[in-house]
Amino acid sequence: MKTSQPTDMLIKDLPALVQHELQHPLHNLQGVIRLLGTGRFGQLSQEGSQLLNTAMANLDRLTRLAVAVEEQPAALTSMFSDEQIRLFQLKQDLPGAIAQKAIYLVYQPIVCTRSQQVVGFEALARWEHPTYGPISPTLFIPIAEESGLIHEMGKYLIEQACFQLRRWQHDNPALTISVNLSALQLSQLDLADHIGRVLLATQIAPENLKLEITESTLIENSEVVGIVLKKLRELGVQLYLDDFGTGYSSLSRLPSLPLDALKVDRSFVTNQNWDICEVILALACKLSLNVIVEGIETAEEAQILEEIGFHYMQGYFFSHPVSVQDASQLLIESNSSQGLILAAAAR
């Protein structure tokens, strides 16, 4: 990990960050309030006039604060914790990182225990910040969603995953790639069109692309999400329900959802809830869904789950998420006579 730059060296940038956060909304508010004050939208009632005067007074206070931030930056340091300053910095830097393609992918293998081979990879987004080092996706993905950058970033990452799969398929034609989608991405009606263009450009079979969604995604903007999911299914891509067992989906809805597979949440493995794992497997079989179990960290866990009936697994026992180069090496090990599972056990 890179050494973090001392916070006091970042303080000089803090006024600019706060100014950036204030400038755009203040400009918009000033325009709206001026427009309301002209009377173009009709005469305001007495209560409306009072509210407008209050808004103008508050806007004036915010404007003075913005000026004070610029003129007296030292006073700002006592208002924010180191973590808040770090968050300001990340919010400021993420647009540039996306524009410069600094958000990259690592790959974690999905293994078939019967063949002991890698059958696919899950592509996971990463960000190496020049000051703070590796930034968790649990931190920068919400920032991207909040700022609306998730659409640009998500489309780029789907492209990268598909082009990498195409390169791997030269020697591994049946290999698949899985990519995570957020609720916001699924609210974009042009998502399926974009993915269709990527499939055409990469010439990979649609069924080799797996799109992973969470249970909570299915209940957010459900009408729009339903339309987008239908379009994706018409393309021929496969839909995986990620972290199954931890969300909000009603079991009665499960048969009607356009799904191809369930991914059993890692918490069931961590807590050794083998009975629940067995129930989920039986449910998936009843619904003719494939099933992958996540979070395998030991040979013992892999053995227990295989005895239950799971044959597709993912987890640190096989490999952490790794670079393209290391993932390619895993494919070589997987295709050897030894197979990846024995290679993992030997490490």
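Residues numbered from 1 in each chain as written. Predicted model: local features only at pLDDT ≥ 70, side-chain atom pairs only at ≥ 80, totals over all residues. Heavy atoms only, no water.

S.K.: Would you mind going over the overall build of the protein with me for this structure?
M.R.: Helices and strands together make up the secondary structure of the protein, namely 14 helices and 9 strands. Out of the 347 residues in the protein, the part that is buried amounts to 41%. Split by element, the accessible area of the protein, about 18200 Å² in all, is 53% carbon and sulfur. (Helix = DSSP H or I, 4+ residues; strand = E, 2+ residues; numbered from the N terminus. Buried < 20%, exposed > 50% of the residue type's maximum accessible area, 1.4 Å probe, protein only. Areas by Shrake-Rupley, 256 points an atom, 1.4 Å probe, with all protein chains shown as cover.)

S.K.: Sorry, what's going on with the layout of surface pockets here?
M.R.: The rolling of a water-molecule-sized probe over the atoms marks out the regions of remaining empty space. In this structure, the largest pocket spans a volume of roughly 920 Å³. Glu122, Leu124, Pro137, Asn180 and Asp242 are the residues nearest the centre of the largest pocket, which is lined by 39 residues in total. For the lining of the largest pocket, the secondary-structure elements that each account for two or more residues are strand 1 (103-112), strand 2 (117-129), helix 5 (137-147), helix 6 (150-168), strand 4 (176-180), helix 7 (183-186), strand 5 (209-214) and strand 6 (238-244). For the lining of the largest pocket, the per-class residue count stands at 17 nonpolar, 12 polar and 10 charged. (1 Å grid on protein atoms, 1.4 Å probe; cavity = no way out; pocket = protein on both sides within 12 Å on 5 of 7 lines; lining within 4 Å. Points joined across faces, edges and corners; volume = space filled by probe spheres on them. Nonpolar A, V, L, I, M, F, W, Y, C, P; charged D, E, K, R; others polar.)

S.K.: It is not clear to me how the pattern of salt bridges should be interpreted in this structure. Could you clarify?
M.R.: Side-chain pairs of opposite charge can arise whenever the charged atoms involved come near each other. Counted according to the given criterion, the structure contains 7 salt bridges. A salt bridge links Asp190 to Lys155; the shortest N-O distance between them is 3.1 Å. A residue pair is termed long-range when its members are at least 10 positions apart, and Asp190 in the loop between helix 7 and helix 8 (191-202) and Lys155 in helix 6 qualify at 35 residues. With relative accessibility at 32%, the residue Asp190 sits in the partly exposed group. Connected through shared salt-bridge partners, Glu122, Glu212, Lys263 and Glu294 make up one network. (Salt bridge = Lys/Arg side-chain N within 4 Å of Asp/Glu carboxyl O.)

S.K.: Just to check I follow, could you spell out the nonpolar core for this structure?
M.R.: Note that soluble globular proteins tend to have their nonpolar side chains buried in a common cluster. Counting residues in each nonpolar core, the largest one holds 77 residues, and the members touching the most others are Ile103 and Leu232. The biggest single contributor to this core is helix 6, with 9 residues. Once you skip the residues sitting within four places of it in the chain, Ile103 turns out to touch Leu94, Ala97, Ile98, Ala125, Arg126, Trp127, Phe140, Met153, Tyr156 and Leu157. (Core = buried A, V, L, I, M, F, W, Y, C linked by side-chain atoms within 4.5 Å. Contact = heavy atoms within 4.5 Å.)

S.K.: Sorry, what's going on with the pairing of strand 6 here?
M.R.: Looking along a regular strand, one sees side chains alternate from face to face of the sheet. Counting buried positions over the 7 residues of strand 6 gives 6, a clear majority of the element. Here strand 5 pairs with strand 6 via 5 bridges, running parallel. Looking at strand 6, one finds that Glu212 is bridged to Tyr240. As paired elements, strand 6 and strand 7 (residues 261-264) share 3 bridges and run parallel to each other. In the strand pairing of strand 7, Leu241 is matched with Leu262. (Pairing = 2+ DSSP bridges.)

S.K.: Where do I start with the packing of aromatic side chains in this structure?
M.R.: Aromatic ring pairs: the centre-centre distance and the angle between the two ring planes describe each pair. Per the stated rule, a full pass over the model turns up 5 aromatic pairs. For the ring pair Phe317 and Phe318, a centre distance of 5.1 Å and an interplane angle of 65° mean the geometry is edge-to-face. You'll find Phe317 and Phe318 in the same group, each marked buried. Put simply, the rings of Tyr107, Phe121 and Trp168 touch in pairs and so form one group of aromatic residues. (Phe/Tyr/Trp six-rings, centres within 6.5 Å; stacked < 30°, edge-to-face > 60°.)

S.K.: For this particular structure, what's the right way to read the environment of Pro137?
M.R.: Turning to its location among the elements, Pro137 is positioned in helix 5. Residues Pro137 and Trp127 lie 10 residues apart in sequence; the distance between their C-alpha atoms is 7.6 Å. Residues contacting Pro137, with those up to four places away along its chain left out, are Ala125, Arg126 and Pro142.

S.K.: Where do I start with the side chain of Thr202 in this structure?
M.R.: Examined against the element boundaries, Thr202 turns out to sit in helix 8. Thr202 sits in the buried class, given a relative accessible area of 3%. At 2.8 Å, the side chain of Thr202 forms a polar contact with the backbone oxygen of Val198. Among residues more than four places away in sequence, those in contact with Thr202 are Cys162, Phe163 and Arg166. (Polar contact = N/O pair within 3.5 Å; in protein donor to acceptor, adjacent residues only side chain to side chain.)

Any functional reading would require information beyond the geometric quantities listed.
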